[in-house]
Structures are given as C-alpha cells and as structure tokens.
Amino acid sequence: SKQQIGVVGLAVMGKNLAWNIESRGYTVSVYNRSSEKVDDMLKESVGKQIVGTYSVEEFVSSLESPRKIMLMVQAGAATDATINSLLPLLDKGDILIDGGNTYYKDTIRRNKELSEHGIHFIGTGVSGGEEGALTGPSIMPGGQKEAYELVAPIFEAISAKVNGDACSIYIGPDGAGHYVKMVHNGIEYADMQLIAESYFLMKNVLNLSADELHEVFAEWNKGELDSYLIEITADIFKKKDAETGKPMVDVILDKAGQKGTGKWTSQSALDLGTPLPIITESVFARFISSLKEERVKASKVLSGPAPVLPEGSKEEVIEAIRRALYMSKIASYAQGFAQMRAASEEYDWNLQYGDIAMIFRGGCIIRAQFLQKIKEAYDRDPGLLNLMLDEYFKEIVESYQAALREVISIAVKNGVPVPGFSTALSYYDSYRTETLPANLIQAQRDYFGAHTYQRVDKDGTFHTEWLED
Ligand code: 6PG
C-alpha cells in the first residue's frame, strides 16, 4: 500500500517533521540523497509507520496520488536540484511543498515554473526550531489554495495549537508563506536585540548578576512580555558552564551569527520603500558585533563617558526597562506588520494580518501572549494602518514612552549602546509628527538639482530659481 505523504531531506528538521506527521496517524515515506541518513532514521523509527526509500523512483512511486511531497532540504541550489530530480517522475496535480527557509522570490519563481508543468507548489514557513518541528510548529503555507486544501488536514494536525486553534493557516499565493516566515524571522531578530539591550543595561548600569537577571526575566515572563524568547532568556541566565562554573552567557563570545533571513527582511523593506528601522538596526547590531577584533582595538583608543548612576531605585529602573522593552516591541511589530501590508499590495497576496498574528501565537520562535492582542487589533479593524493606532497599543505606547525616553537617556549618559531602543523611539516620534523637516530636504533637492517640490497650500509641482536675486 502507498504512503500518504513523503519527506525528502532527513536532516534534523526533516526527520522531526516526518515523525510529527507519523505521530498524528499518517503514513510517511522518507528519502535522502545519501542513503545512510535513511538507514539511520529507520533505526530510530522502530514501531513507527515510516517507510524508507533509496531512490527518487522508489520514493515517488511509494506515494498515494495526488502525491504530497515535503522538501526539507537546504534552501537555494539544493532545493532546485531536488525539484529537478523529482519533476520527471511526477504527475499533474501532485503537490510539492518546500518547508525550508527559502527566499520568497525563489518560491514565486518555482511556483510559476512548476505550474507550467501542472504541478502545485507550496512554499511554507515552518517555525519552532527542532523541537517545534517534532511536537508542533507554526506553519505558514503559500501557494495554490486548492493544493493547500489537500494538505491542510495534515498541516493542522501537526501544527501547534492555541486554545484549540491550529497554528497553520493558508497565507496567500506563491511566495506569501515564505515572505511571512521571513518577516517572522526579522521580528525574531528585533525581539532578540531588544532583549539583549535590556540585559546589557541591567548588567552594565545596575550591575545585576546572572542569577538576578534570571529572576528579572522569569518575573517579566509572567506579565505582558510573556513569550518564548523571554522564557528561554530567563533559562539561559541560570545555566552555568560545566568547565569554569561561570554563567554560560559570560563564556560565550559576543559575535552574533546569522543565516540571512533578517537581512532579506530589511532588503525587502528598502525595495518596498517601507520603514523597518528596528529590524534593520538589529541586523546591523549583529554586523557590528561580528567586528569583534576591530572593537577590541577601538576600545583601547576611543573612550566613553564617566558612569552616571540612574535616578530612582533599582526596582524602578528595572520596571522602566521592562516598559521600554514592551513599547519597543510594539513599535517593531508595527513595522513588521506594516511591511507585510506593503508586500501584500505589491504582490497581490491579500494577506490577513489577524490570521497571521493568530498562527504566530503558538509554535514559532516569536510566540507570545501579546500576539493575541495583535489579532484582536486586526479583528477590530482589518484595515488598520499601523498597530500603534489600535486602542490597546495606543494606550500602552502613550503611557510607556516616558520610560523608553528615560531608559535611552540612562544608556546615552552611560555610553551603553541601545540601537534598538533608540530607533524604536525615533520611529514613534517620527510617525506621530505631523510636520517633519523633509520640507528642507525638498528645498535642498530643488536647489541643487531642480528636483521640484509640492506646496502645503496648493496642488501641483513647483520649482524655484534659488539664486535669483
Ligand atoms: C524559526 C527560526 C529559524 C531560524 C533561526 C536562525 O522560526 O524556527 O526563525 O527558522 O533559522 O532562528 O536564524 P539566524 O541564524 O539567521 O539567526
């Protein structure tokens, strides 16, 4: 008998996803280009309905029609190579599903190319890391709607659940799912950067120890900031290095890696012309962190200010930092969701922001209580221009801005870099400002290049002879 779904690529994500699918009562064929991976997986799959196959032919013919094949290979060339090896063996109506962190423009291209062969192509975000893949990820599928309908029962069964709702929902045509996953990752970068800045201030200005930091983050996780990333941050501060007995964080080198999804989010913002400063600063902060050797040299040459003790008790400053973090997080999600709106218009995706917030509530890395508030904001107004204009978020940002201003000034006076917090506040202040100084920029452009300008008092395009009399 034939299997209900196939998985190609048995690295940890592919393997865990296959086991997750099997655990929900589906039969699964697996295939990997190097056959040892298949053997290894079968050894670890005793008692499970997993069928190993050793050639693409055997794999494809082991599947029920229309075939549903999940590609869990490396994004990029490996995905194209895998598709090309499968394509001659597929029939019209078969469904290929790419579950990698694929660049959305590749997904748009592959969807189009495969459609010409009558093959459906779903590009899906899968978030939640290794553990999520095994026990319940958040799933963001894009592609032909009718193809998604055929895999929806499987995706809903394997996804995380929040109050009974599956964290898998059809996102939109072609690259929409991978786009939304990309923005998820960008938001993940910003969340991590803002948490890191909070830690850095508490460590450097308040001199909190790792144990105290554990307590603070554990406490924060009980309130508005309740989220996976805050929870693991609390855990991290508890962990001691087995070799030295020091807190793990203190033995880890301060150079942040990245695989590119955050950068793609910023690149897309630049292409679409939409402001995404917090995520972009978070990408830059990783870049500057990786200039470790240069920073070590510079630290011997360039000095900062003498330390200035903040006013208020330790508890008050910690609470101000918590508020600064929550407000900045709101500004960051406002930017990410505004960018999705711009992309949706550009690519005709008809994204449903409330649904996206809903599937972000569970399974994924940015999962948080707060996403329920975003969902409610879009339920109140599906056409919401900016999250900060929603009644709930407006109230928070208005009342927390004082804390954010205070925290930034503490950081500035002490020479502690807070690029995420600073840019969050600049975004808030720019966005709420009726008249920005861009009038001067327009005047300069017109002065040196006759680029023209518009006027505040009448319609039309104008140019001034700036040097006349
Ligand atoms: C997820 C994550 C994951 C991503 C890692 C690493 O949703 O499960 O976003 O897809 O690969 O977070 O990303 P960087 O290496 O770029 O930090």
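Note that this is a predicted model, so its numbers are computed, not measured.

Definitions and cut-offs
- Positions within a chain are numbered from 1, following the residues in the order the chain's sequence is written.
- For a predicted model such as this one, the threshold for reporting local features is a pLDDT of at least 70, and the threshold for listing and counting side-chain atom pairs is 80 or more; totals across whole chains, interfaces and linings nevertheless cover every residue.
- Helix numbering and strand numbering both begin at the N terminus, where a helix is a DSSP run of H or I of at least 4 residues and a strand a DSSP run of E of at least 2.
- Both definitions apply: the radius of gyration is a C-alpha atom measure, and the globule rule equals 2.2 Å times residues to the power 0.38.
- Whether a residue is buried, exposed or partly exposed is read from the other C-beta atoms within 10 Å of its own C-beta, which are placed from the backbone; 20 or more gives buried, 12 or fewer gives exposed, and intermediate counts give partly exposed.
- Two residues qualify as being in contact provided that their C-beta atoms, derived from the backbone, are within 7 Å of each other.
- For two strands to be treated as a pair, DSSP must find no fewer than two bridges joining them.
- To define axes, lines are fitted to C-alpha atoms, for helices over the stretch in contact only, and angles between the resulting N-to-C directions are given on a 0 to 180 degree scale.
- Residue-level confidence of the predictor, termed pLDDT, takes values from 0 up to 100.
- UniProt positions are given in the numbering used here, feature names are shortened, and annotations may be inferred rather than shown by experiment.
- Defining nearness, a residue is near a molecule or strand when the C-beta atom obtained from its backbone falls within 6 Å of it.
- Note that the domain bounds reflect an automated or database-derived domain assignment.
- In this classification, Asp, Glu, Lys and Arg are treated as charged, Ala, Val, Leu, Ile, Met, Phe, Trp, Tyr, Cys and Pro as nonpolar, and every other residue, Gly included, as polar.
- Regarding the arc, it is the one traced by the directions from the helix axis to the C-beta atoms.
- A set of buried Ala, Val, Leu, Ile, Met, Phe, Trp, Tyr and Cys residues, joined to one another through C-beta atoms within 7 Å, is what we call a nonpolar core.
- Note on handedness: a crossover is taken as right-handed if, strands pointing away from the viewer, the path from the first strand over the helix to the second is clockwise.
- In this scheme, roughly parallel covers angles under 35 degrees and roughly antiparallel covers those over 145, while 65 to 115 is roughly perpendicular and the rest are oblique.
- By definition, turning the near helix anticlockwise from the far helix through less than a right angle yields a left-handed crossing, and turning it clockwise yields a right-handed one.

This paragraph deals with the overall build of the protein chain. A tally of regular secondary structure across the protein chain gives 20 helices and nine strands. In terms of C-alpha radius of gyration, the protein chain reaches 25 Å, essentially the compact-globule figure of 23 Å for 469 residues. When the backbone C-alpha atoms are referred to their principal axes, the protein chain occupies close to 80 × 65 × 45 Å. Among the 469 residues that make up the protein chain, the fraction classed as buried is 47%. Restricting the contact set of the protein chain to residue pairs at least 6 apart, pairs at least 24 apart contribute 67%.

The seven strands lie next to each other as β3-β2-β1-β4-β5-β6-β7, forming an open sheet whose pairing is mixed. Only two strands of the sheet have a single partner each, and these edge strands are β3 (50–53) and β7 (138–142). Between one strand axis and the next, the sheet turns by 25 degrees as a mean value, whatever way the strands run. The pairing of strand β4 (residues 68–71) with strand β5 (residues 95–98) spans four bridges and is parallel.

Per-residue confidence for the protein chain gives a mean pLDDT of 97, with 100% of residues at or over 70. In the predicted complex, the global pTM is 0.97; the interface-specific ipTM is 0.96.

In the UniProt entry, the feature "binding site: substrate" (unreviewed entry) is given for N101, S127, G128, G129, H184, N185, Y189, K259, R286, R445 and H451. A stretch of 351 residues holds the annotated residues, and the largest C-alpha distance among them is 49.3 Å, long enough that they do not meet in one place. Of note, Y189 is situated in helix α8 (residues 176–204). With respect to the helices and strands, R445 occurs in helix α20 (residues 438–449).

This part covers unusual backbone geometry. That bond from S65 to P66 is cis: its omega, -10 degrees, falls within 30 degrees of zero. Inspection of the secondary structure puts P66 in the loop between α3 (56–61) and β4. Residues other than glycine seldom take positive phi values, yet N163 does so here, at roughly 50 degrees. Inspection of the secondary structure assignment puts N163 in the loop between β8 (161–162) and β9 (165–166).

So, on to the site of the ligand. Neighbouring the ligand are 13 residues, the closest being S127, N185, Q258, K259 and I365. Among the secondary structure elements, those contributing two or more residues to the shell around the ligand are α8 and α12 (261–272). The residues that make up the shell around the ligand include at least three from each of domain 1 (5–174) and domain 2 (181–431).

All right, on to the domain arrangement of the protein chain then. Accessible area lost upon the coming together of the parts is a frequently used measure of interface size. Domain boundaries in the protein chain define domain 1 (5–174), domain 2 (181–431) and domain 3 (441–469). Computed from C-alpha coordinates alone, the two centres of domain 1 and domain 2 are separated by 32 Å. Each partner contributes residues to the interface: domain 1 has 23 residues there, and domain 2 has 17 residues. Taken together, the elements giving at least two residues each to the side of domain 1 that touches domain 2 come down to β6 (120–127), α6 (129–135), β7 and β8. Per-class residue counts for the side of domain 1 that touches domain 2 are 10 nonpolar, 11 polar and two charged.

Attention now goes to the environment of C167. You can see C167 is positioned in the loop between β9 and α8. For C167, a count of 27 C-beta atoms within 10 Å corresponds to the buried category. Once residues lying within four places of it in the same chain are set aside, the contact partners of C167 are S138, I139, S159, A160, K161, V162, I359, R361, G362 and G363.

It is worth spelling out the UniProt feature "domain: 6-phosphogluconate dehydrogenase C-terminal" (unreviewed entry) in the protein chain at this point. Per the UniProt annotation, the sites labelled "domain: 6-phosphogluconate dehydrogenase C-terminal" (unreviewed entry) are residues 177–467. The span residues 177–467 carries 66% helix and 0% strand; its end-to-end C-alpha distance comes to 53 Å.

Every α-helical turn comprises 3.6 residues, leaving residues that sit three or four positions apart pointing alike. Every buried residue of helix α4 (residues 77–86) is accounted for by T79, T82, I83 and L86. Within α4, the buried residues cover an arc of 100 degrees as seen down the axis, which keeps them to one side. Facing away from the buried side of α4 by more than 90 degrees, the exposed set consists of A77 and N84. Those residues of α4 that are buried are in contact with β1 (5–8), α3, β4, β5 and α5 (104–116).

All right, on to the nonpolar core then. Formed by 135 residues in total, the largest nonpolar core has its most connected members in I330, L387, L404, V407 and F421. Here this core gets 17 residues from one element, more than from any other, and that element is helix α15 (residues 314–347). Of the domains in this structure, domain 1 (5–174) and domain 2 (181–431) are the two that each give at least three residues to this core. Setting aside residues up to four positions removed in sequence, L387 forms contacts with I330, Y333, A334, F337, I374, A377 and F393.

With that out of the way, let us pick up the pairing of β6. Most of β6 sits inside the fold, with eight of its eight residues counted as buried. Side chains H120, I122, T124 and V126 project from β6 onto one buried face, and the interleaved F121, G123, G125 and S127 project onto a second face that is buried too. In this structure, β5 lies alongside β6, joined through four bridges in parallel fashion. Residue I97 lies in a different strand from β6, and its bridge partner there is I122. After leaving β5, the chain enters α5 and then returns to the sheet as β6, a path that is right-handed. Taken together, the five bridges between β6 and β7 define a ladder with antiparallel strand orientation. The partner of T124 across the bridge, within β7, is P141.

Viewed as axis vectors pointing N to C, α8 and helix α13 (residues 277–289) meet at an angle of 70 degrees, and their least axial separation amounts to 8 Å. Judged by the angle between their axes, α8 and α13 are roughly perpendicular. When you trace α8 past α13, the crossing you get is left-handed. When α8 is examined against α13, the residues G186, I187, Y189, A190 and Q193 are found in contact with a partner set consisting of I278, I279, S282, V283 and A285. Residues of the contact of α8 with α13, tallied by class, amount to seven nonpolar, three polar and no charged.

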